[in-house]
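Chain and residue survey
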Amino acid sequence: MAIALQVLRHFARAPSRPLLWGCPLTRLASGMALEEQARQIFESTVGAMLPGPMLQRALSLDPDSGQLKVRDRSFQLRQNLYLVGFGKAVLGMAAAAEELLGQHLVQGVISVPRGIRAAMEHAGKQEMLLKPHSRVQVFEGAEDNLPDRDALRAALAIRQLAEGLTADDLLLVLISGGGSALLPAPIPPVTLEEKQKLTKLLAARGANIQELNTIRKALSQLKGGGLAQAAYPAQVVSLILSDVVGDPVEVIASGPTVASVHSVQDCLHILNRYGLRAALPRSVKTVLARADSDPHGPHACGHVLNVIIGSNALALAEAQKQAEALGYKAVVLSTAIQGDVKNVAQFYGLLARVAGACLTMPAAGTSVEEDKQLYELAAQLQLPDLQLKEALEAVVGAQGPVCLLAGGEPTVQLQGSGKGGRNQELALRVGVELGQWPLEPIDVLFLSGGTDGQDGPTEAAGAWVRPELARQAVAEGLDVAAFLAHNDSYTFFCRFQGGAHLLHTGLTGTNVMDTHLLFLRPR
Ligand SMILES: Nc1ncnc2c1ncn2[C@@H]1O[C@H](COP(=O)(O)OP(=O)(O)OP(=O)(O)O)[C@@H](O)[C@H]1O
Ligand SMILES: O=C(O)[C@H](O)CO
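This structure is a prediction, so every number in the text was calculated from the model and none was measured.

Time to look at the overall build of the protein chain. Helices and strands together make up the secondary structure of the protein chain, namely 21 helices and 15 strands. Relative to the globule expectation of 24 Å for 523 residues, the C-alpha radius of gyration of the protein chain, 24 Å, shows essentially globular dimensions. Each principal axis of the C-alpha distribution contributes one length, and for the protein chain these read about 65 × 60 × 40 Å. Split into buried and exposed, the 523 residues of the protein chain put 57% on the buried side. Looking at the protein chain alone, contacts between residues at least 24 apart form 81% of all its contacts between residues at least 6 apart. Taken as a whole, the protein chain presents about 20900 Å² of accessible surface, with 51% of it coming from carbon and sulfur. Put simply, the protein chain has 45 plus and 50 minus side-chain charges, and the middle of one group is 4 Å from the middle of the other.

See the structure below:
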């Protein structure tokens, strides 16, 4: 959603359908076309990760006793509950929390992306908005996902609220992706501009989110456990919506309620790796040198409960449940799909071929060569949690429709000036791959969708494809390779079959990365 807010006005007008939270899909199964089933599963998966349902799963309040239950822990509420939050999905999370906690909530401060309230209003998403006389103060800032003066003001208000708490208080911290940029509080003498410049340079030179956030933590008053420290001796409960593969709480939004385990040496290694150590501003050197000799060490976080309430893994578990309800043998392959979109597309293309053969000819199987190639492709992608062997074994035993599920965030090396997003580009590339081999006698469909409802700077969440795509595109006079060469997947899908393959959910107010669904259905 980094560039989301530039296009939110346009996006808010995009046609969208209500998400199917809690809708029993079995009811819909009979006679449903494969693409309809795929859409339904995607939409209900996103629906399960919406702020309302997520918070209701994580929190329960006994209105009589005032006991707040968070997972297996209980907290007594008595006019002692405060709330802070920062991240792209935090407005809806705060609205859901306010709804759930009612009068118990004394005061709150949240930092959310600029324009998000207007966008939600335009999109008619009332459930994502706070009440008119809310006790939660909203700051909007961090345009283009970069820390700015407004986000700094928000961070200082959040710090002030936290510092004023006592041992009788409970601080609820709502965290989602984009939280790092929305909570900047550089340690003096580092300035906001210096921190912004360093973050930009690191990102531009290819630092990953773990590396980026290690540096952000070292230079911040609130990241790396600093917020938890400011709130001490109050109890702290962090409800975290993960946008990072593997859900590492110390990385998501730079872990403001998680003690940092990184040393100054770790930071210097990272800065060296990206050629930034020599040109560091004096202020950054001063802060790092000070941290090296800090007698207090990392912030202690014994008074904190960190809870992941939404993640790609939870979304895929929901999708798996929905697919099973429709009669599919559903297997989660990985929640950590990363790497260049071209390699990921090749992987899914070959996976469809190998799994298709396992399904239709379980005794004969695929050629040894194809199996080997598939495992090699998987190894290149370095997916830590890949269940490829298990998935293929399940397909062999399936004797019926199969749905392979995965999630993560592939990357697109932008070369052209076209309009698209990583989900649409992945789907288009997989469509081409699927068309290369006959997959008779099975129906195949691949869907890729972003759970935030916005794929790149487009108004679609993603797209779905079938093996016939390339042939049908030629018949419509569309040159798929030319669209791909310019990263113009959105324009392609808008023209192809009148835009029927695009996924339109509208801005969802959540973000747990992308979901990939591969359906194989014997005819
Ligand atoms: N024309 C394009 N074709 C394909 N991908 C594109 C195009 N333009 C931008 N992108 C990709 O879109 C991504 C940015 O979009 P988006 O805001 O959805 O992702 P993000 O910043 O990772 O946010 P989030 O994690 O919240 O989804 C980048 O990965 C970028 O490479
Ligand atoms: O805010 C951040 O640090 C990223 O979105 C990862 O959570």
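After that view of the structure, there is still more to cover.
Let's shift gears to the sheet that holds strand β12 (residues 442-450). The strand order across the open sheet built from six strands is β10-β11-β15-β12-β13-β14, with neighbouring strands paired in mixed fashion. With partners counted over all chains shown, the strands left at the sheet margins are β10 (329-337) and β14 (502-503), one partner each. Two strands pair when backbone bridges link them, and β12 and strand β15 (residues 514-522) are joined in this way by nine bridges, in the antiparallel orientation. Paired with Ile-442 across the strands is Pro-522, a residue of β15. The strands touched by helix α14 (residues 312-325) are β10, β11 (402-408) and β15; relative to β10, the strand with the most contacts, the crossing angle is about 165°. Relative to β10, helix α17 (residues 388-396) is tilted by about 165°, and along the sheet it contacts β10 and β11.

A few words on the domain arrangement of the protein chain. Along its sequence, the protein chain is carved into domain 1 (4-30 + 312-522) and domain 2 (51-185 + 220-261 + 298-310). On a C-alpha basis, the centroid separation for the pair domain 1 and domain 2 is 33 Å. Tallying the contact residues gives 19 residues for domain 1 and 23 residues for domain 2. Both faces considered, domain 1 and domain 2 share a buried interface measuring about 1700 Å² in area, 65% of it formed by carbon and sulfur atoms. Our count for the contact surface shared by domain 1 and domain 2 stands at zero salt bridges. Breaking the side of domain 1 that touches domain 2 down by element, the ones donating at least two residues are α1 (8-12) and β10. At three residues, the largest contribution of residues to the side of domain 1 that touches domain 2 is made by α1. For the side of domain 1 that touches domain 2, the per-class residue count stands at nine nonpolar, nine polar and one charged.

A few words on the UniProt feature "domain: MOFRL" (unreviewed entry) in the protein chain. The sites that carry the UniProt feature "domain: MOFRL" (unreviewed entry) are, in the present numbering, residues 402-514. Helix makes up 30% of residues 402-514 and strand 20%, and the two end C-alpha atoms of the span are 20 Å apart.

This next bit is on the site of ligand 2. Residues in close proximity to ligand 2 include Gly-177, Gly-178, Gly-179, Ser-180, Ile-209, Asn-213, Arg-216, Asp-243, Val-244, Ile-252 and Ala-253, which together make up its full environment. Taking Asn-213, its side chain carries an N or O atom lying 2.9 Å from an oxygen atom of ligand 2. Counting residues per element, the ones that place at least two in the shell around ligand 2 are α8 (179-182) and α10 (209-218). The biggest single contributor to the shell around ligand 2 is α10, with three residues.

With their axes 10 Å apart at the nearest point, helix α9 (residues 192-204) and α10 run at an angle of 165° to one another. As the angle between them shows, α9 and α10 are arranged roughly antiparallel. In this structure, α9 meets α10 at a crossing whose hand is right-handed. Mapping the contact onto sequence places Lys-195, Leu-198, Thr-199, Leu-202 and Ala-203 in α9 and Leu-212, Ile-215 and Arg-216 in α10. Looking at the contact of α9 with α10 residue by residue, the classes come out as five nonpolar, one polar and two charged.

All right, on to the UniProt feature "domain: MOFRL-associated" (unreviewed entry) in the protein chain then. The residues that UniProt annotates with the feature "domain: MOFRL-associated" (unreviewed entry) are residues 38-288. The span residues 38-288 carries 41% helix and 18% strand; its end-to-end C-alpha distance comes to 50 Å.

Looking at soluble globular proteins, one finds that nonpolar side chains tend to be buried together. In this structure, Val-70, Ile-110, Leu-239 and Phe-519 are the most contacted members of the largest nonpolar core, which totals 64 residues. With seven residues, helix α5 (residues 90-101) is the single largest residue contributor to this core. Looking at this core, you find at least three residues from each of domain 1 (4-30 + 312-522) and domain 2 (51-185 + 220-261 + 298-310). With residues near it in sequence (within four places) discarded, Leu-239 still touches Leu-55, Leu-59, Val-70, Met-93, Leu-172, Val-173, Leu-174, Ile-175, Val-307 and Ile-309.

A word on the pairing of β11. The element β11 is largely enclosed, with a buried count of seven among its seven residues. Burial of β11 is two-sided: the residues Val-402, Leu-404, Ala-406 and Gly-408 facing one way and the residues Cys-403, Leu-405 and Gly-407 facing the other way are all buried. The pairing of β10 with β11 spans six bridges and is parallel. Paired with Ala-330 across the strands is Cys-403, a residue of β11.

Reading the values: rules and limits
- Residues numbered from 1 in each chain as written.
- Chains lettered and ligands numbered in written order.
- Predicted model: local features only at pLDDT ≥ 70, side-chain atom pairs only at ≥ 80, totals over all residues.
- Heavy atoms only, no water.
- Helix = DSSP H or I, 4+ residues; strand = E, 2+ residues; numbered from the N terminus.
- Rg over C-alpha atoms; globule rule 2.2 N^0.38 Å.
- Buried < 20%, exposed > 50% of the residue type's maximum accessible area, 1.4 Å probe, protein only.
- Contact = heavy atoms within 4.5 Å.
- Areas by Shrake-Rupley, 256 points an atom, 1.4 Å probe, with all protein chains shown as cover.
- Lys, Arg positive; Asp, Glu negative; His and termini not counted.
- Charge placed at Lys NZ, Arg CZ, Asp CG, Glu CD.
- Pairing = 2+ DSSP bridges.
- Axes fitted to C-alpha atoms, helices over the stretch in contact; angles between N-to-C directions.
- Domains from an automatic or database assignment.
- Buried area = accessible area lost by both parts, 1.4 Å probe.
- Salt bridge = Lys/Arg side-chain N within 4 Å of Asp/Glu carboxyl O.
- Nonpolar A, V, L, I, M, F, W, Y, C, P; charged D, E, K, R; others polar.
- UniProt positions renumbered as here; feature names shortened; annotations may be inferred.
- Near = heavy atom within 4 Å.
- Polar contact = N/O pair within 3.5 Å; in protein donor to acceptor, adjacent residues only side chain to side chain.
- Parallel < 35°, antiparallel > 145°, perpendicular 65-115°, else oblique.
- Left-handed = near helix turned anticlockwise from the far one by under 90°.
- Core = buried A, V, L, I, M, F, W, Y, C linked by side-chain atoms within 4.5 Å.

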